[in-house]
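Residue strings, one per chain:
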Amino acid sequence: MSNNLLEVKNLKKSFGGIQAVNINELKFNKHQLTSIIGPNGAGKTTFFDLISGFQTSDSGEIFLNDINITNSHPYKIARMGMIRTFQLTKVFDRMTVLENLMFSGSSVSNDSLVKSIIKTKRQRNYENDLKDKSFEVMEELNISHMANAYARELSGGQKKLLELARSIINNPDTLLLDEPLAGVNPKLAEDLLGLIQKLASNGISILMVEHNIEAVMKISERIVVLSEGSLIADGSPGEIRNDKNVIEAYLGKSND
Amino acid sequence: MVFLFNPEGALRILINILTFAGIYGLSAIGLNVHFGWTGLLNFGHASFMGMGAYVTLLLMPHAAGREGEITTTGLPIIVAAFFGIAAAALFGLLLGLPAIRLRGDYLAIVTIAAAEIFRLVVRDLESITGGVYGIISYTENLQKFRPEFINNLSLNYEFAPAQAWVGMIAWISIFLTLLLLKRLNNSPWGRALRAVREDEDAVRAMGKNAVWLKLQSFMLGAGIAGLSGALLAFNYGSLETTVFVPLLTFYVWAIMILGGVGSITGPIFGSIIFWVIISETDRLAYIFFENANGQQLAGVRFLLVGLLIMLLMIFRPSGLLGKKEELLLDVK
């Protein structure tokens with residue numbers, strides 16, 4: 001089996017006159033923790049939206065596990081095992097933390113209207129298992145004491161944890177994390193980093209957009225740098241740290 | 001209030017209120033599946049009621065049109081009602097297919113327009129639907145099954161037995177519908193609908209087909225509305241298209257808001273309060289405005305409904321029975 005996780009070719013997306021994404025070729029390997037960095041407006045989130053199906057590309061192709069997923073529906077891509085989170089945390093506000101997790105963990109066939117009317121023993125057993133599984137995940141992320149709280153009552157950091165919990169409940173192959181550390185206090189950021197590393201060491205492939213460069217340097221195996229929609233650098237944290245293009249993109253060109 | 005201002009014929013009035021409250025309450029329960037559970041802003045609810053009513057009536061023996069052309073053959077009422085409900089659900093699906101990808105306000109605009117188109121088409125298809133002349137002579141299909149005890153009671157107490165029978169069926173329908181919805185509310189399907197209501201993008205990101213969930217919700221709510229529409233037709237005794245004007249939709253919305261959006265039993269209480277106001281304020285207003293004419297008095301009831309909704313929004317925005325934590329009408 002090939003080691004290709006995700007591959008994009010000639011991917012382009014523009015909004016009005018602005019070229020948000022323009023990438024000739026980019027490949028991601030399985031079982032790797034890759035970070036995508038770049039200045040604000042570099043096209044990182046748009047890139048995530050394109051590969052997760054939330055936006056359609058103007059041209060180009062996207063392959064997940066060598067299957068062409070260009071312009072597929074988001075839910076179909078998610079069912080292939082690639083789950084994303086959002087820059088602005090999206091939790092189900094007026095549902096409890098437990099319901100948030102049980103919904104996310106529930107299979108499509110378990111959600112069926114007919115089964116929900118008949119309420120077979122099988123569905124009840126499935127729901128009980130799902131509840132146990134939800135508590136396992138909540139315990140792993142230290143939010144089990146909030147199980148019956150409504151998600152809207154959670155703090156920003158707790159919502160980030162809930163979103164992450166929701167993303168991993170179905171054991172995805174791949175996680176797309178859009179700024180998992182944004183707006184989180186330093187202690188929680190530390191915990192989240194540890195969690196992300198743990199998930200990566202469990203074999204989950206992770207793509208992460210993050211502004212916290214220190215954290216990115218610390219945990220990434222590979223870093224991809226975007227600027228104005230294009231790829232400007234790609235390499236190990238050590239290589240990126242000393243890359244002239246990257247320094248320019250972040251700090252501006254020097255005058256001499 | 002009923003007994004205070006009109007001791008004679010009080011039971012007749014009470015049964016009238018309860019029948020209307022039951023029928024409109026049932027419709028509001030359907031709307032609640034759309035808006036309360038799934039967050040769909042459906043402003044075309046009257047058309048689902050209309051579809052249910054027309055299909056049910058036209059499949060049974062009836063008379064229609066200017067000449068009162070009589071159709072003597074037809075299906076038994078249970079079968080006709082089943083098709084009426086199914087037609088309303090199917091109409092929900094058809095309307096939903098293009099419209100349901102729209103968000104919030106846009107869906108509201110599309111549904112209110114579609115409902116008006118439905119009404120105008122029904123009005124113009126005179127050869128089938130009777131057009132502006134409407135449909136008559138269909139109530140016997142239901143009334144021939146009226147239990148004897150209603151007739152006996154109506155001999156001793158003054159009320160209309162035919163309406164009491166329709167009202168009874170409306171409340172039985174409410175009971176059965178609520179049993180079904182209660183079951184669904186605590187089910188994985190109900191949970192999925194609420195997730196759609198909260199955040200469609202997150203639903204998609206979890207690998208769930210949000211559009212299909214919304215369509216299912218649209219069909220279920222429309223089906224419930226279809227049944228209530230058929231009952232409304234039996235309550236009126238004759239049917240024509242003006243029944244299904246947008247005002248009907250807004251009545252049902254008012255009922256749902258009064259009772260508590262998202263609450264399963266809320267619409268019933270909302271409906272009873274609404275109908276007490278609608279049918280009793282005339283008498284009350286007459287005490288204060290002695291010289292007012294009927295039309296002016298009628299205005300007072302809408303004033304009261306509006307005032308009540310305003311007060312609710314200020315002091316109890318979750319409605320009478322809604323949960324504060326799941327407050328769905330955030331007016332701020």
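Draft legend 1. Inspection of the sheet that holds strand β3 (residues 135–136) of chain B at higher detail. Residue and element names in this part refer to chain B. As summarised here, the arrangement of the three strands in space is β2-β1-β3, forming an open sheet in which the pairing is antiparallel. Bordering the open sheet on either side are β2 (69–71) and β3, each of which pairs with just one other strand. Where strand β1 (residues 62–64) lies against β3, two bridges are found, and the strand directions are antiparallel. Bridge pairing in β3 links A64 to I135.

Draft legend 2. Here's a closer look at the pairing of strand β1 (residues 4–15) of chain A. All names here are of chain A. Here β1 runs beside strand β2 (residues 18–29); their pairing, made up of ten bridges, is antiparallel. Its bridge partner lying in β2, L6 is registered against F28. Once β1 ends, the chain turns through two residues before running back antiparallel as β2, passing G16 with a positive phi of about 60°. The pairing of β1 with strand β4 (residues 59–64) spans five bridges and is antiparallel. Within β4, the residue paired with V8 across the bridge is I62.

Draft legend 3. A look at the sheet that holds β1(A). Residue and element names in this part refer to chain A. One open sheet accounts for four strands, arranged β2-β1-β4-β5; its pairing is antiparallel. In this open sheet, the two strands that pair with only one neighbour each are β2 and β5 (67–68). When β4 meets β5, the two strands line up antiparallel, connected through two bridges. Looking at β5, one finds that F63 is bridged to N68. Sheet contacts for helix α1 (residues 44–51): β1, β2 and β4; angle to β1, the most-contacted strand, approximately 115°.

Draft legend 4. Geometry of the environment of R316(B). Within the fold, R316(B) resides in the segment after α15 (294–315). Residues R316(B) and L258(B), spaced 58 residues apart in sequence, show a C-alpha to C-alpha distance of 9.7 Å.

Draft legend 5. Spotlight on the packing of helix α3 (residues 45–58) of chain B against helix α4 (residues 77–99) of chain B. All names here are of chain B. With their axes 8 Å apart at the nearest point, α3 and α4 run at an angle of 145° to one another. Where α3 crosses over α4, the two elements pack in a sense that is right-handed. Listed contacts from α4 to F48, M51, G52, V55 and T56 of α3 are A80, A81, F83, G84, I85, A87, A88, F91 and G92. Classifying every residue of the contact of α3 with α4 by side-chain character gives ten nonpolar, four polar and no charged.

Draft legend 6. Region of interest: helix α2 (residues 10–38) of chain B. Residues and elements named next belong to chain B. Its 29 residues give α2 an end-to-end C-alpha distance of 40 Å, which sits within 8% of 42 Å, the value for a rise of 1.5 Å per residue. The sharpest bend along α2 measures roughly 40° and falls at N32. Of all the 29 residues making up α2, 24 are buried; the element is thus mostly covered by neighbouring parts of the structure. Just downstream of α2 lies G39, where phi reads positive at about 75°.

Draft legend 7. Quick look at the interface of chain B and chain A. Counting residues at the interface gives 24 residues for chain B and 28 residues for chain A. The set of elements that each furnish at least two residues to the side of chain B that touches chain A consists of α9 (161–185), α10 (188–198) and α11 (200–205) of chain B. Of the residues forming the side of chain B that touches chain A, the biggest block, eight residues, is contributed by α10(B). Within the side of chain B that touches chain A, the residues separate by chemical class into nine nonpolar, five polar and ten charged.

Cut-offs applied
Residues numbered from 1 in each chain as written. Chains lettered and ligands numbered in written order. Predicted model: local features only at pLDDT ≥ 70, side-chain atom pairs only at ≥ 80, totals over all residues. Pairing = 2+ DSSP bridges. Helix = DSSP H or I, 4+ residues; strand = E, 2+ residues; numbered from the N terminus. Contact = placed C-beta atoms within 7 Å. Axes fitted to C-alpha atoms, helices over the stretch in contact; angles between N-to-C directions. Left-handed = near helix turned anticlockwise from the far one by under 90°. Nonpolar A, V, L, I, M, F, W, Y, C, P; charged D, E, K, R; others polar. Expected span 1.5 Å × (residues − 1). Bend = angle between axes of the 7 residues up to and from the residue. Buried ≥ 20, exposed ≤ 12 C-beta atoms within 10 Å, placed from the backbone.

Keep in mind that these numbers describe shape and distance, not what the molecule does.
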